Amino acid sequence: MRYITLFLSISITLVFSSPAHAQADRNRGTIKGQTIDRETEDPLGFVYLYLEELDRAITAHGDGAFTFNNIPAGEYTLSASRIGYQSVTQVITVNSNETTALTLSLRPSVLNAQAVEVIGTADHASSANLEHASKTIKGADLRQNLGTTLSSTMEEMPGISSRSMGSAPARPIIRGLGGERLLILQDGERTGDVSSQSADHAVTVDPMAAEEIEIARGPAALEYGANAIGGVINVVRNQISPTLPDHLHGTASLEGQSVNTGGVAAVNAGIPLGSSLALNFDGNLRSAQNLKTPEGSLQNSDIFSTNNSVGLSSIHPWGYAGLAGSMYLTNYGIPPDPAGGHEHGVNIEVRKYQTEGRAEITLDNPVFKSVQANLSYKNYYHRELEEDGQIGTEYGLLTTNAKVAVRHQRWGFLEQGKIGFWGEAKDYAVDGTQTPGSDAYSLASFAIEEKNIGALHLEVGARFELSRATPEEQYESSIGRIRERTFYGLATSASAIYDIGSGFFTGATFMHSFRPPSQEELYSEGPHLASYSYEVGNPDLNPERGLGKELFICYKSSSATAEVGVYHNSFNGYIYPRNTGQQSARFPSLNVYQFSGVDARFRGIEFSSQVSFWDHWALTGSMSYTHAQREIETAGWQPLPMIPPLQAHINLKYASGGFHLGGKITIADRQDRTGDFETPTSGYTVAGLFGQYRFESARLLHTISLNADNIFNTTYRNHLSRIKELMPEPARNISILYRMYF
Amino acid sequence: MKFSIPFTHIMIIPVLTLALFLAGCSNPASSSDEEEHHHPEGVILKMDSTEIVRIEEGVITSGQLEVVNGETTPLITVYFLDHDGELFQPEHDYSLKWNQIDTAVAEINQDSQQTPWSFRLTGNQEGQTMVRFQLWHDKSEHADFETPSIPVTVN
């Protein structure tokens, strides 16, 4: 691995020092604009402006003024969003050595950020507004749903559920798919933790640090992995700024919750240093006691964490280059389970250090628009401690990722796209088990292309991936022959979206995924106290191949959105840890979980809508259902474990001026389609209230969010909780979040 | 504006520093030495050469621990069963640990004169409790094996 990292680093250095990117600033222009309130025509500050094709973002001054400098001549999609206003997307043209002036007027809206107003021609509207498989949580929605974990922050979105095991360890599930089939990224980089492999392992991303959370499926997901048939979740933190801010900007936040007597303080800021350097930093500190439930306190569910980063970038007419470092430290508890193998619970201590470098060079080329290079390194370690302080199991994972990608504009038949190469080296070790240490190397090339043909928007993507897992030594073990395994395969995806007219769109997405077995799935053997399991890998596992199909129809207007979709995902060799129901011979208090590859299929339906009425009211609703099965030779098609039940969310909101108030209800059906040795769960209805107030003073924007969850103190159980037999979900919770934008 | 040479030099320094940092790290969960681990498949407890408890494949196939209230048993010795059913006791780097036992009912004692695989059981109060033994690897500070909970009766 040393040679690989050295090679990658020197490659980056060579890229930086190559004269090829030394672009003259001819053929560049400037975008200078003003954001205003459409009703009052007053200047509107703190608008977030995003230039899609260059992936550059800035925040408008308090007086609404903004400037993008050094933009290569061409056509761009500029989106503007702001709390309490409907997002606007506009296509603009930048000419060489000219300043493109524009005024963006945003309309006050009760709808959330998903409702996008598109300004421009019909052709452009099709491409800008039809990224069906992409969703974003930001602004008021992000604050209203902000939870202790990334997963709890997202769980009110249609099709998303939360696999949990107490307060801290939780991971999102999309349409019943989780683990390695769902990639979690931070600023486009893999998190480098072990959260995908076990329910007790936390995701090392704190939602408090998120500026926004993006979800993508289909062709766009292939940039990040061949296995992400469930989707890609990207937490945008902007550690390395691609644009030079012209003033100090950022947020400061304080949050408190009653259900765990917890609180979190956070700050993030960006500041210009001289004429070409931008410094970004953020940090947060979270502390919470045991979670309260209607049936009592959930013992050993406390959490203490801090997540901090600093990034420095150098921004020039030719592009930008930057470095960032971050650390994530957390201690959290796994509740005791006398029947499950540990009567006193387990404490988990996690530390992760990350460094990354990124550069993007814009090119004065009729075809290639820019070249981007990323290099990141994560050093992850966690240990699981028993009540008396004895170390149960230790996990270490060193991950190095590198990516080089080129964006292109019109190129023959192709309209725009991205082509790139990606590499990963992972050094994985587990102490306290018989699992051997192992390395894994992956190389991939990918291409994602877009094309508009009249009202038809097409996206296609392909990714070829080669992966090799190498154990420290090769030997015969009780789980099979531990040996090196090499896998390769092609993943493809295509998406077609057709603008029917009058705000209606329809489309289909296909994805053929490729997922090599992970190191833990191949080589694991040993006790894992915190997940109540004795894990047994299978060194003979074959890659998992998935075929996903999706059809949808949606409607979007300035006052309403609606979408209904059906999907079918089938798998050949779906890998999951099967509870055998047998006690381990070496650790009899733990059941054996055997990694197996079986045929599986997931079918489901999703619906979501949002409508505004009487000027100030908005009604939002969503529903999702997944029916998942795996094939067993002796018993035919049987239910898969840990599949969410039929769920619906209804949300009514009133907004006026800086206020908004509302109520929400979550309804879930019972889940009695259970896997082996899995407990069914009853249906439930849970109600909540929320309110937000925003005001401006002294060029600062303040928001105060008040939430009351589970107001009737209902006892209910999340089917995806590994501790649902022990305790129900949290009791009534009052939380308050104050956030100041400067 | 041209890309400046000084900036190139400036970038080389942090990138090479990063490279050295990356190349110098080792996995914090890796075992630092070539440790030999034992992975028994069963346990036998003997008292005065007589088998009193047998555990195979994680199941107690025979026996339990018994002691008279206020008295202490003779030495009880732990033997492990390997894959071939042969008895063994690790020679180095291992010790015997136990947990779960309610010391108000009974307690386990080892003294320095005994082998690390022998103990005595003392009855403190009539009743029942449980005990779970672990084959403890001293270097890595992990259990390589543990027994199911063995019933302990104080008569």
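Just so you know, these numbers come straight off a predicted model, no measurement behind them.

Another aspect to go through is the pairing of strand β14 (residues 212-216) of chain A. In regular strands, side chains alternate between the two faces of the sheet. Residues and elements named next belong to chain A. With four of its five residues buried, β14 lies for the most part within the structure. Relative to β14, strand β9 (residues 135-138) runs antiparallel, the two being bridged by four bridges. Its bridge partner lying in β14, K138 is registered against E212. Judged from the five bridges that link them, β14 and strand β15 (residues 231-236) form a sheet pairing that is antiparallel. When the sheet's bridge partners are listed, I213 is paired in β15 with V235.

Now for the sheet that holds strand β7 (residues 99-106) of chain A. Residues and elements named next belong to chain A. Overall, mixed pairing links the three strands, which are arranged β4-β1-β7 in an open sheet. Both outer strands of the open sheet, β4 (65-72) and β7, are each paired with one neighbouring strand and no more. For this sheet, the mean inter-axis angle between neighbouring strands, taken without regard to orientation, is 20°. Across six bridges, strand β1 (residues 28-37) lies against β4 in antiparallel orientation. Considered in β4, the bridge of K32 is made with T67.

So, on to unusual backbone geometry. Residues and elements named next belong to chain A. Positive phi outside glycine occurs at Y532, with the angle close to 55°. With a phi angle near 70°, D615 is a residue other than glycine that sits in the positive phi range. Counting through the fold element by element, D615 comes out in the loop between β37 (591-613) and β38 (617-632).

Our focus in this paragraph is the environment of T634 of chain A. Tracing the backbone through its elements, the reader meets T634 of chain A in the loop between β38 and β39 (636-639). On a C-alpha basis, the gap between T634 of chain A and V232 of chain A in space is 35 Å, while along the polypeptide they are 402 residues apart.

Take the pairing of strand β16 (residues 249-257) of chain A next. Residues and elements named next belong to chain A. In this sheet, strand β17 (residues 262-273) lies alongside β16 in antiparallel orientation, the contact comprising nine bridges. Bridging across to β17, S253 finds its partner in A266. A loop of four residues connects β16 with β17, the two strands running antiparallel in sequence, and T261 in this loop sits at a positive phi of about 45°. Note that β16 and strand β44 (residues 733-741) share seven bridges and pair antiparallel. Note on β44: the bridge partner recorded for G256 is I736.

Criteria and cut-off values
Residues numbered from 1 in each chain as written. Chains lettered and ligands numbered in written order. Predicted model: local features only at pLDDT ≥ 70, side-chain atom pairs only at ≥ 80, totals over all residues. Buried ≥ 20, exposed ≤ 12 C-beta atoms within 10 Å, placed from the backbone. Helix = DSSP H or I, 4+ residues; strand = E, 2+ residues; numbered from the N terminus. Pairing = 2+ DSSP bridges. Axes fitted to C-alpha atoms, helices over the stretch in contact; angles between N-to-C directions.

These results come straight from atomic positions and should not be treated as a statement about function.
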